[in-house]
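One letter stands for each residue in the lines below.
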Amino acid sequence: MDIRLDGSTRIYYVVGDPIAQAKSPTGVTESFQNSGLNAVCIPAHVAPPQLAAFFEAVKSMQNVDGILVTVPHKIAFAPLCDELSESARFLNAVNTVRRENGRWVGDMFDGQAQVEALLRNGAVLEGKKAVLAGAGGAGTAIAYALVNAGVSELGIAETDAARRDSLIERLNGLGKARVYAADSDPTGFDIVINATPMGMKDGDPLPFDAAKLTAAMFVGDVVTLPETAWIKRARDAGCRTSTGLDMFASVRDLIVDFLLENRRA
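Quick look at the structure, then. Computed from a prediction, not measured in an experiment: that's the story for all the values here. (Residues numbered from 1 in each chain as written. Predicted model: local features only at pLDDT ≥ 70, side-chain atom pairs only at ≥ 80, totals over all residues. Heavy atoms only, no water.)

Successive side chains on a regular strand alternate, one facing one side of the sheet and the next facing the other. Buried residues dominate strand β3 (residues 64–69), accounting for six of its six residues. Bridging between β3 and strand β5 (residues 96–100) involves three bridges; their strand directions are antiparallel. Looking across to β5, one finds that Leu-68 is bridged to Thr-96. (Buried < 20%, exposed > 50% of the residue type's maximum accessible area, 1.4 Å probe, protein only. Helix = DSSP H or I, 4+ residues; strand = E, 2+ residues; numbered from the N terminus. Pairing = 2+ DSSP bridges.)

Pasting the structure below:
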């Protein structure tokens with residue numbers, strides 16, 4: 001499609017480290033312009049030590065209306081916001097921030113998007129046992145969404161024990177599912193999800209022991225590639241799958257709706 005870009009164009013950044021893997025600049029820009037908005041999404045490669053300085057600079061730019069937040073900044077960006085949604089406060093993480101009457105409001109859609117992608121691809125979550133690799137920004141959001149979607153049990157495999165245990169305690173406090181620490185063995189689980197960056201680079205280790213996958217399991221991933229090594233091994237085992245691109249399709253729509261909400265009001 002033809003992209004409008006001129007002095008009146010509104011700017012939305014997507015910030016991450018790395019950023020080359022991000023699909024948002026194309027997908028979100030197309031959604032904006034298809035909605036009739038003269039706006040573009042621009043990638044910003046910012047390392048963690050410079051994140052706060054980047055945001056301070058962005059706040060001074062009067063034609064910037066929002067920021068999409070990706071790996072590894074989703075947790076670090078939350079305290080930089082002036083206001084957080086209910087889910088973002090619980091998760092202490094954001095993936096989208098919009099300028100609203102001079103304030104910066106953050107929300108988190110990764111969990112909702114992953115659940116939508118799983119269901120759209122045929123997964124059944126109600127009453128099922130799920131295991132999740134990763135308790136970072138995306139993993140925390142997905143864990144919260146799975147519990148609210150009705151899984152009966154949720155195992156969390158995370159190398160940072162303090163982060164894992166804190167999340168487990170908070171999720172168990174909801175009283176909706178049994179949540180506990182897990183490891184790389186997916187045996188006994190119905191839903192097996194990678195919510196780590198593993199798979200972004202060739203040679204990355206797998207999040208779980210793929211030799212123990214069975215065809216009865218449903219396997220998901222957050223890495224936005226058509227077929228990561230993890231998804232390939234799952235398909236080889238006969239599993240039904242949901243890819244990071246499936247999740248991105250859902251999260252893109254949720255993000256665009258949030259960013260444009262005030263403009264449509």
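Now for the state of the cysteines. According to the stated counting rule, one finds zero disulfides in the structure shown. Not engaged in a disulfide, the cysteine Cys-41 finds its nearest cysteine sulfur in Cys-81; these two sulfurs lie 16 Å apart. The class for Cys-41 is buried, based on a relative accessible area of 4%. (Disulfide = S-S within 2.5 Å.)

What follows is about the nonpolar core. One finds Phe-32, Ile-142, Leu-146, Leu-154, Ile-156 and Leu-171 to be the most contacted residues of the largest nonpolar core, which totals 52 residues. If sequence neighbours within four positions are ignored, Leu-171 has contacts with Phe-90, Ala-143, Tyr-144, Val-147, Leu-154, Ile-156 and Val-179. One finds Ala-44, Leu-51, Ile-67 and Ala-78 within the second-largest nonpolar core, a separate group that totals 21 residues. (Core = buried A, V, L, I, M, F, W, Y, C linked by side-chain atoms within 4.5 Å. Contact = heavy atoms within 4.5 Å.)

This next bit is on the pattern of salt bridges. The final tally for this structure, using the stated rule, is 15 salt bridges. One salt bridge in this structure joins Asp-204 and Lys-201, with 4.0 Å as the shortest N-O distance. Owing to a relative accessible area of 57%, Lys-201 belongs among the exposed residues under this scheme. One connected set of salt bridges, linked through shared partners, spans Arg-98, Glu-100 and Glu-261. (Salt bridge = Lys/Arg side-chain N within 4 Å of Asp/Glu carboxyl O.)

What follows concerns the environment of Phe-189. When you line up the elements, Phe-189 lands in the loop between β9 (178–181) and β10 (191–194). Residue classification places Phe-189 among the buried residues on the basis of a relative accessible area of 10%. In the structure, Phe-189 is positioned 29 residues away from Phe-218 in sequence and 9.0 Å away in space, judged by C-alpha atoms. Filtering out sequence-adjacent residues up to four positions away, Phe-189 remains in contact with Lys-129, Ala-130, Val-131, Gly-155, Tyr-180 and Met-217.

Reading across the sheet, the six strands line up as β9-β8-β7-β10-β11-β12 and stay open at both edges, with parallel pairing between neighbours. Every other strand in the sheet has two partners, leaving β9 and β12 (240–242) as the edge strands with one partner each. Adjacent strand axes in the sheet meet at a mean angle of 20°, parallel and antiparallel pairs treated alike. Judged from the four bridges that link them, strand β8 (residues 153–157) and β9 form a sheet pairing that is parallel. Note on β9: the bridge partner recorded for Leu-154 is Val-179. In this fold helix α7 (residues 161–172) packs onto β8 and β9, with an angle of close to 170° to the strand it touches most, β9. (Axes fitted to C-alpha atoms, helices over the stretch in contact; angles between N-to-C directions.)

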